[in-house]
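Coordinates in review
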Amino acid sequence: MEITENINNSYPFTLEPLPYGYDALEPYIDKETMHFHHDKHHQTYVDNLNRLLKPYPVYHEKSLEDLIKYYYVLPPNIREGVKNNAGGVYNHNLFWKVMSPAISTQASQQPSGNLNNAVIKQFLTFGNFKSDFTNAALLRFGSGYAWLVTDKKGHLGIVSTANQDTFLHMDVCSLLLLDVWEHAYYLKYQNRRSDYISNWWNIVNWNYISDLYDKFIQ
Ligand code: MN3
């Protein structure tokens, strides 16, 4: 399923703007971190991807998703670079969307509808789910992400990936992801990844994620 709503989804790729202001996720993620994370790190993935593809017009029509899924057909000298940088573009496009400014109403603090039912069925409580996801994020060695994914039948899975790997080669939909690269939290939290994670739950956009789930399951 194509869940990246990039208006320019082939070469030259452009940086998707944040769907909210740089300070919108305060106090959980600070404005300075968002500027660095989006304007520098995310932008660098976009720039590197364009630089690698520039000499190869034959790949200029390929979508971001296809470049990631079929990276192995690319020339060997750009193969790894395209996989990593296209993954970086794709994952950050997803990451901004799963967050939203903190809202104090109880309803927005957890999933709703079908997704809520699936969480309860598989994890018994929302608290268990949060704790499993938190562990996946904490135990990710080095850089990477924690994910909540679903298959077409609506079965949920919590997993973690290294670097900028994606789930595009599998028949699952990524619902929720948490960036645990140090660049995502170091300015505010330094080495305290666990504080970053526990604060991050306040800004998860459950309305968006519950909607994604409904669209993907059959
Ligand atoms: Mn990042």
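In the block above lies the structure referred to throughout.
A brief structural summary. (Residues numbered from 1 in each chain as written. Predicted model: local features only at pLDDT ≥ 70, side-chain atom pairs only at ≥ 80, totals over all residues. Heavy atoms only, no water.)

Here's the deal with the pairing of strand β2 (residues 156–162)
Strand direction decides the pairing type here: strand β1 (residues 144–151) and β2, joined by seven bridges, are antiparallel. Its bridge partner lying in β2, T150 is registered against L156. Once β1 ends, the chain turns through four residues before running back antiparallel as β2, passing G154 with a positive phi of about 90 degrees. (Pairing = 2+ DSSP bridges. Helix = DSSP H or I, 4+ residues; strand = E, 2+ residues; numbered from the N terminus.)

Points about the environment of Y11
Secondary-structure assignment places Y11 in the segment before α1 (31–53). Sequence-wise, Y11 and K54 are 43 residues apart; in three dimensions their C-alpha atoms are separated by 8.2 Å. Every residue in contact with Y11, bar those within four places of it in the chain, is listed here: N50, L53, K54, H60 and K62. (Contact = heavy atoms within 4.5 Å.)

Brief notes about the pattern of salt bridges
What the rule picks out here adds up to three salt bridges. A salt bridge links D195 to R192, with the nearest nitrogen and oxygen atoms 3.1 Å apart. On the basis of relative accessible area, D195 is assigned to the partly exposed category, the value being 32%. By relative accessible area, which is 37% here, R192 ends up partly exposed. (Salt bridge = Lys/Arg side-chain N within 4 Å of Asp/Glu carboxyl O. Buried < 20%, exposed > 50% of the residue type's maximum accessible area, 1.4 Å probe, protein only.)

Remarks on the packing of helix α5 (residues 126–139) against helix α7 (residues 193–200)
Viewed as axis vectors pointing N to C, α5 and α7 meet at an angle of 145 degrees, and their least axial separation amounts to 10 Å. Between α5 and α7 lies a crossing whose hand is right-handed. Between α5, through F133, T134, A137 and L138, and α7, the contact on the second element is made entirely by R193, S194, I197 and W200. Residue composition of the contact of α5 with α7, by class: five nonpolar, two polar and one charged. (Axes fitted to C-alpha atoms, helices over the stretch in contact; angles between N-to-C directions. Left-handed = near helix turned anticlockwise from the far one by under 90°. Nonpolar A, V, L, I, M, F, W, Y, C, P; charged D, E, K, R; others polar.)

Remarks on the sheet that holds β2
Sheet strands line up and pair through hydrogen bonds in the backbone, either parallel or antiparallel. Taken in spatial order, the three strands make up an open sheet running β2-β1-β3, and their pairing is antiparallel. Of all strands in the sheet, those with a lone pairing partner are β2 and β3 (172–179), marking the two edges. If you compare each strand with its neighbour and ignore which way they point, the axes differ by 30 degrees on average. Sitting on the sheet, helix α4 (residues 113–123) is in contact with β2 and β3, with an inclination near 85 degrees to β2.

Some words on α5
The first and last C-alpha atoms of α5 sit 20 Å apart over 14 residues, in line with the 20 Å expected at 1.5 Å per residue. All of the buried residues in α5 are F126, F129, F133, T134, A136 and A137. The arc that holds the buried residues of α5, viewed along the axis, is 160 degrees, so those residues lie on one side. (Expected span 1.5 Å × (residues − 1). Arc of directions from axis to C-beta.)

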